Structures are given as C-alpha cells and as structure tokens.
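Residues per chain are reported as follows:
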Amino acid sequence: MRLTLVQAWTMAKKRLQAAGLTGPVIDARLLVEAAADATRVDIVTDPYRALTDAQAATLEDYLSRRERREPVSHILGRKGFWKIMLQVTPDVLTPRPDTECVVDAVLKATGEFDRLSILDLGVGSGAILLAILAERLNAKGLGIDVSEEALAVARDNAAHLGLGGRCALLRGDWTEGLAEDQFDIVTANPPYIASEVIETLEPEVRVHEPRLALDGGVDGLDAYRRLAPEILRVLKPGGRFAVEIGYDQKAAVEALFKDAGALAVITQQDLAGLDRVVLGKKSPLETAG
C-alpha cells in the first residue's frame, strides 16, 4: 500500500524526532515536499494523494541522510534566504536567518533607487550580496572569496537569479589587490568561531560545513583584526559597513573598527535578541591612507 502525503509527513516527523533532531516538523515537511514534488498547500488540501514508488524511495533516501545529520540544505541542494532561493553545496556555508540581519541593515541604510557599489568579502554562496542586489536595482557588486568552489556556487546563483550582469565574483584574499575608496557599502560574514569550539558544534555544522568558513582562530577574531582597517581603506568617504559577529564579540569587534577610524559604530541584534551585526561608517572628510 502506497504512502499518502499526510502519512509520509507523519512518518517522517516521527523518524526525525526519534533521531533526536531539532526542528523535525519543518525538516520532515521540506523533505516530503521535495521527494513527492508537492507543496505545503498540497499536503493540506490533498493529503491522501499517494506517493509513487520512486517518490517513496527518494523520501527514504532523504530521511536516511537526515538521520545521519546531513543538513537539509545539502540534501535538497538549496536554501531560502531573505527573498531569494540559493543553490547550496558542501563548499559553502549554509545561509542562516541570522545573516539576514546584515541584509536588513544595508537596506535600512540605503534608498531603493540609490546607485551603489557594494563589496561582499567572503561571498560564499552569494547570499548577502545577491539578496541586496535583488532589492537595490541600481546597485552593482563585487564578491570576493578565497575558495574557487564557493565562487562557482555564487556564480550559478547569480545567473539563476538574473543578477550576473550586476555583480563580479573574484577569487582573492579579502581586500588584497583592491584600490582605495571604491565602495559605498562593504559587507562580510567572516569566520568567527574559536578553533577549539568548532569540535563542540552540532554534526550538521562540524562535519558538513566548510571549516574555512567557520574557523576564526584562537579567539574567533582573526578575520576582524585584518578586516577592520582594510574595510575602512576600500570604503568611499562616508561609506558604510555591516559585518556579522558572534553573539559574544560585540565589544571586541566594535573596538577594532573604532581603532581603525570608523565612526558611528553600533551593534544590531538578531531576532533572538543576540548581538549579531556591527555597523559603522567611514568619515566623509577623510580618505584612506
């Protein structure tokens, strides 16, 4: 007897819950929808629709992989972020809701039709840069990453979103090789987890996420020490920056940017009330150097 949509969802929830996974209800729904080529509405309005044998086999594969703690984003190869859908592979950090705070901060600081030049450092899947470009139609961007594999994912995402003509994606070591005073906005979600903490993280992160995108050195601040002065160097006078931080790094990262000469440095919290994004700007009266 074939599984129906509602039976499949119920079974999937029970299996993932038994495996001790966080958020089994949402994960189960996403996996059932993908395996059965169904939508959330289908599950509600047509709950007794039967899965084909092939769909049931696909769902079994998905559930087995999730029980082994493979992230849903890797199983499905995609993840929603802000208002866009992104392709995701093990070569990039899975976009997280926390990082949407960076996008939100930039959008609040700019106008809908502003002509902007944006630099995203450690572009990964392209999440931050592409989400901003999708909202700011007169903006152009440059995304830089040290990983060629990550850049390949970002290029595919830019093409699928129709944004390839407004962004360049280049391999590089942060701002190395960039001239001064080029950008109106600089964003970054650098690695900020202390090296020894990584081994304590959930398997979805510890095993499946690229270590390069996680490891911030002994205290998690290595990237910020380098980025603070460099971000101020490549910003235009009066330009703004927004960088994601760990929940306990507000004081240290704010101090680094203030020491580098940034003005109006503040920290924005995420929806959980945790410190998440450090914001600031370059003096409108000074150039780098």
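Everything below is about the structure printed above this text.
Residues numbered from 1 in each chain as written. Predicted model: local features only at pLDDT ≥ 70, side-chain atom pairs only at ≥ 80, totals over all residues. Heavy atoms only, no water.

**Quick notes on the pairing of strand β1 (residues 78–81)**
And step 1. Bridge count for β1 against strand β2 (residues 84–87) is 4 bridges, and the pairing is antiparallel. Residue pairing for β2: F81 is matched across the bridge by I84.
And step 2. Where β1 folds back onto β2 in an antiparallel hairpin, the turn is made up of 2 residues, including W82, whose phi is positive at roughly 55°. (Pairing = 2+ DSSP bridges. Helix = DSSP H or I, 4+ residues; strand = E, 2+ residues; numbered from the N terminus.)

**What to know about helix α6 (residues 100–109)**
And step 1. Counting buried positions along α6 gives 7 out of 10 residues, so the element sits mostly inside the fold.
And step 2. Taken together, the buried positions of α6 are occupied by C101, V102, V103, D104, A105, V106 and L107.
And step 3. Next to the buried residues of α6 lie β1, α7 (127–135), β6 (183–188), β7 (235–244), β8 (263–269) and β9 (275–281). (Buried < 20%, exposed > 50% of the residue type's maximum accessible area, 1.4 Å probe, protein only. Contact = heavy atoms within 4.5 Å.)

**Considerations on helix α11 (residues 222–234)**
And step 1. Taking 1.5 Å of rise per residue, the 13 residues of α11 would be expected to cover 18 Å, and the 19 Å separating its terminal C-alpha atoms lies within 8% of that figure.
And step 2. Its maximal kink placed at A228, α11 deviates by approximately 30°, while the proline P229 follows within four residues.
And step 3. By the burial criterion, the buried members of α11 are A223, Y224, L227, A228, I231, L232, R233 and V234.
And step 4. In this structure, the buried residues of α11 make contact with β3 (117–121), β6, β7, α12 (250–259) and β9. (Expected span 1.5 Å × (residues − 1). Bend = angle between axes of the 7 residues up to and from the residue.)

**So, the packing of aromatic side chains**
And step 1. By the definition in use, this model includes 1 aromatic pair.
And step 2. Ring geometry for F241 versus F257: centroids 4.3 Å apart, planes at 15°, classification stacked. With F241 in strand β7 and F257 in helix α12, this pair connects stretches of sequence that are 16 residues apart. A single burial state applies to F241 and to F257, both of which are buried.
And step 3. The ring of W9 carries the charged tip of K13 above its face, separated from the ring centre by 4.4 Å. (Phe/Tyr/Trp six-rings, centres within 6.5 Å; stacked < 30°, edge-to-face > 60°. Lys NZ or Arg CZ within 6 Å of the ring centre and 35° of its normal.)

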